[in-house]
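This is what each chain is made of:
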Amino acid sequence: MAKHILLYGLVALSFCCFVFAFEPSPLQDFCVADPANSARVNGLACKNPMSVSVDDFSFSGLHLPGNTSNPVGSRVTPVTVAQLPGLNTLGISMVRIDYAPWGINPPHTHPRATEILTVLEGSLQVGFVTSNPDNSHITKVLQKGDVFVFPVGLVHYQRNVGNVNAVAIAALSSQNPGVITIANAVFGSKPDIANDILAKAFQVDKSIVDQLQAKF
Ligand SMILES: *[C@@H]1O[C@H](CO)[C@@H](O)[C@H](O)[C@H]1NC(C)=O
């Protein structure tokens, strides 16, 4: 009996979390973000609909290549609610990603979004890793026109596997997907995570951790 109660409890709990893992449905046609409003809500407060204009629903510039002159050789140009206020409460956003030859978009996760990506130019190796304990690495080389999905929360990456620039467009299932870049979060936190913690976690010498922390 106790086992059944536990099982039903777990099932009920999983439904609750399933529902809360996604953005709530809008309760009006739109809710253009009003960054000037100091109200704290889950998302951003709505502008008065009378003062909304067409520009609130539009963004220009995704035809422009991002600057990939940086250590990883890629650049993400986001179009989230911060760039396009009309996205507020709609549960969707997009990005353009440019890759220099052999550039990478380093391993990262989006805590609030699934991502669907399509290659516009070039060839990309993409991959994600499943949760513990399996940590299966699902990876593939994509060509122009191919589409790939990165499930919400999982660590994923892309690498340009060509000698020419590559370009991708991705859509994300949140107005504000968030990004946690693994190396930056683990080795670049402020203040540092103690080097003995990271040395044990990564099973390396503390001096290696110090080196990594110095880079991020
Ligand atoms: C690209 O970024 C690099 C490094 O920050 C900078 O030196 C360069 O001027 C930038 N190029 C353009 C076209 O903005």
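Residues numbered from 1 in each chain as written. Predicted model: local features only at pLDDT ≥ 70, side-chain atom pairs only at ≥ 80, totals over all residues. Heavy atoms only, no water.

**Re the UniProt feature "binding site: oxalate" (unreviewed entry) in the protein chain**
For step 1, the next point in the chain: According to UniProt, the positions carrying the feature "binding site: oxalate" (unreviewed entry) are Asn105, His110 and Glu115.
For step 2, the next point in the chain: Following the sequence through the fold, His110 ends up in the loop between β3 (104–109) and β4 (115–121).
For step 3, the next point in the chain: Turning to its location among the elements, Glu115 is positioned in strand β4.
For step 4, the next point in the chain: In contact with Glu115, not counting residues within four places along its chain, are Ile97, His108, His110, Phe148, Val149, Phe150, His156, Gln158, Ala170, Ala171 and Leu172. (UniProt positions renumbered as here; feature names shortened; annotations may be inferred. Helix = DSSP H or I, 4+ residues; strand = E, 2+ residues; numbered from the N terminus. Contact = heavy atoms within 4.5 Å.)

**Quick notes on the confidence of the model for the protein chain**
For step 1, the next point in the chain: Scored by pLDDT, the protein chain has a mean of 92; 90% of the residues are at 70 or more.
For step 2, the next point in the chain: Throughout residues 9–19 the model reports pLDDT below 50, and contacts reaching past four residues in sequence, or to other chains, amount to zero contacts. (pLDDT = per-residue confidence, 0-100.)

**Re the domain arrangement of the protein chain**
For step 1, the next point in the chain: According to the domain assignment, the protein chain contains domain 1 (49–178) and domain 2 (181–216).
For step 2, the next point in the chain: Computed from C-alpha atoms alone, the centre-to-centre distance between domain 1 and domain 2 is 26 Å. (Domains from an automatic or database assignment.)

**Quick look at the state of the cysteines**
For step 1, the next point in the chain: Applying the stated criterion across every chain yields a total of one disulfide.
For step 2, the next point in the chain: Here Cys31 engages in a disulfide with Cys46; their sulfurs sit 2.1 Å apart. Sign of the S-S torsion, about -100° for the bond between Cys31 and Cys46, identifies this disulfide as left-handed. Here Cys31, found in the loop between α1 (2–20) and β1 (74–79), pairs with Cys46, found in the loop between α1 and β1; they are 15 residues apart in sequence, far enough to count as distant.
For step 3, the next point in the chain: Under the relative-accessibility criterion, Cys31 is labelled buried at 2%.
For step 4, the next point in the chain: Exposure remark for Cys46: the relative accessible area of 36% places this residue in the partly exposed category. (Disulfide = S-S within 2.5 Å. Buried < 20%, exposed > 50% of the residue type's maximum accessible area, 1.4 Å probe, protein only.)

**Thoughts on the sheet that holds β1**
For step 1, the next point in the chain: Spatial ordering of the open sheet is given by β1-β2-β9-β4-β7, a layout of five strands whose pairing is antiparallel. Of all the strands in the sheet, the pair left with one neighbour each is β1 and β7 (147–150). This sheet shows a mean twist of 20° between the axes of neighbouring strands, independent of strand direction.
For step 2, the next point in the chain: Examined bridge by bridge, β4 and strand β9 (residues 166–172) share six bridges and lie antiparallel to one another. Bridged to Glu121 within β9 is Val167. (Pairing = 2+ DSSP bridges. Axes fitted to C-alpha atoms, helices over the stretch in contact; angles between N-to-C directions.)

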